[in-house]
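Structure assessment
Chain by chain, the residues:
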Amino acid sequence: MKVAIVHDWLTNYGGAETFVELWLKMYPQADIYTLVYDKKKMAGHFEGTKIYTSKLQKLPLATKIYTKLLKFMPSAFEAFDLSGYNLVLCSSSSCAKGVIVPPYVPQIAYIHSPMRYAWDLYFDYKKRSGKLTRFFMDKWMPQIRLWDYVSSQRIDTIIANSKYIARRIKKFWNRDAQVIYSPVNVSRFAEDPSVTKREDYYVFFSRLVPYKRADLAIEACKKLGRKLLVIGGGSEYENLKKLAQGYDNITFTGRAPDADVKYHLQRCKALIFCAEEDFGLTPLEAQACGAPVIAFGRGGARETVLENKTGVFFEKQETESLIEAIKDFEEKDSKGLFVKANIIKNATSFTEERFIREFSKVVEETIKKIDCRNM
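**Thoughts on the sheet that holds strand 12 (residues 293-296)**
Within the open sheet, the six strands sit side by side as 10-9-8-11-12-13. Their pairing is parallel. Looking at the sheet topology across the chains shown, the edges are occupied by strand 10 (250-254) and strand 13 (311-314). Each strand of the sheet is rotated relative to its neighbour by a mean of 25°, with strand direction disregarded. In the sheet, strand 8 (residues 202-205) pairs with strand 11 (residues 270-273) via two bridges, with the strands oriented parallel. Within strand 11, the position partnered with Tyr202 by the bridge is Ala270.

**Description of the nonpolar core**
Formed by 42 residues in total, the largest nonpolar core has its most connected members in Val6, Leu35, Phe77, Leu82, Val88, Val99 and Met115. Among the elements that line this core, the one with the most residues is helix 6 (residues 163-173), at six residues. The contacts of Val6, once residues within four sequence positions are left out, are Tyr33, Phe77, Leu82, Val88, Leu89, Cys90, Ser91, Ala96 and Val99. Ranked by size, the runner-up nonpolar core spans 31 residues in total, among them Tyr202, Ala214, Leu224 and Val312.

**Quick word on the packing of helix 10 (residues 281-288) against helix 13 (residues 340-347)**
Where helix 10 contacts helix 13, the axes come no closer than 7 Å and their chain directions differ by 135°. Of the possible angle classes, the one that applies to helix 10 and helix 13 is oblique. When you trace helix 10 past helix 13, the crossing you get is left-handed. Residues Leu284, Gln287 and Ala288 of helix 10 pack against Ile343, Ile344, Asn346 and Ala347 of helix 13. Along the lines of polarity and charge, the residues of the contact of helix 10 with helix 13 split into five nonpolar, two polar and no charged.

**Remarks on the pattern of salt bridges**
Taken as a whole, this structure holds 22 salt bridges when the rule is applied. Across the salt bridge formed by Asp333 and Arg198, the nearest N and O atoms sit 2.8 Å from each other. Here the residue Asp333 occupies a position in helix 12 (residues 319-334), and Arg198 occupies one in the loop between strand 7 (178-179) and strand 8, the gap between them amounting to 135 residues. With its nearest N and O atoms 3.4 Å apart, the salt bridge here joins Glu320 to Lys223. Taken together, the residues Glu320 in helix 12 and Lys223 in helix 7 (residues 214-224) connect sequence positions 97 residues apart.

Rules used in this analysis
Residues numbered from 1 in each chain as written. Predicted model: local features only at pLDDT ≥ 70, side-chain atom pairs only at ≥ 80, totals over all residues. Heavy atoms only, no water. Pairing = 2+ DSSP bridges. Helix = DSSP H or I, 4+ residues; strand = E, 2+ residues; numbered from the N terminus. Axes fitted to C-alpha atoms, helices over the stretch in contact; angles between N-to-C directions. Core = buried A, V, L, I, M, F, W, Y, C linked by side-chain atoms within 4.5 Å. Buried < 20%, exposed > 50% of the residue type's maximum accessible area, 1.4 Å probe, protein only. Contact = heavy atoms within 4.5 Å. Parallel < 35°, antiparallel > 145°, perpendicular 65-115°, else oblique. Left-handed = near helix turned anticlockwise from the far one by under 90°. Nonpolar A, V, L, I, M, F, W, Y, C, P; charged D, E, K, R; others polar. Salt bridge = Lys/Arg side-chain N within 4 Å of Asp/Glu carboxyl O.

Shown next as structure tokens:
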């Protein structure tokens, strides 16, 4: 079976890219189609796989400015000729799901999220944008929304990475979606049996970009005097360091290798997770290491963190709400509510084996449905 995998872009290695690698494990001969590809940043990944890029790849600095090219993304993906494949799989949080696939070829889209900047986070993005960007958002976004809706109607089977995303798919596209949770790599993030007692510091582990809200963790730990280790890099790195200036209890590592991240997740008091994520792989990675989670109580985290068993939630993306959650966590932790074995057990229910089994079943059912349709 000849398989095409369509992914939004390959410019940084993150959760969505680990997902594509899992598909390649299932379909090792598959080809990849993507908007732009930064070979240097993807070093060590996808080597040996045939990667086709869109016409936008030819633009100067394409792998740096691609997020500014939303207006041109639909036509770029629609230009891919996928008629020679037996199965098309789309990994999408932007425009990848909008490829044009012949009616006799099954198309399955795994949706990490309908594009947030077009729908529910449109006004947030607009507030943070400059005058020129706001002008073009007003001018172009109605067309983008229309294309996003229309292209969603072409997909044979839609899979959401959480119930939260399935709800958003229904609201914005009026399509029903099956839910198959993304897997956590329990071999990449696992417990250290020699660690019998967690140490007295919290971890914030993420790309340091605005919506991840690392500022909340920093402000809360500043006010409480708690030790916080911030792991990650990104556009907010320097701003966050300034925010923590003068507080010796806040430490930054910058980007760190897996071994260092795992070491700290195995030993920290808890992970602090402040983002409203579609699924949120990081809380599961922390739990796989035996760490409880203090998470913002909206989005995918509600489906991966068990309240008062593997973590606690704070209800508002505000410093005071997080402070109260940290205090609540520490009180419950002192009573032994967060048992390491139970935390790890929850994470290991999100295995690759479970995902492969459930996804393979959907592929089989979709192929049968298309065969019947073509009789």
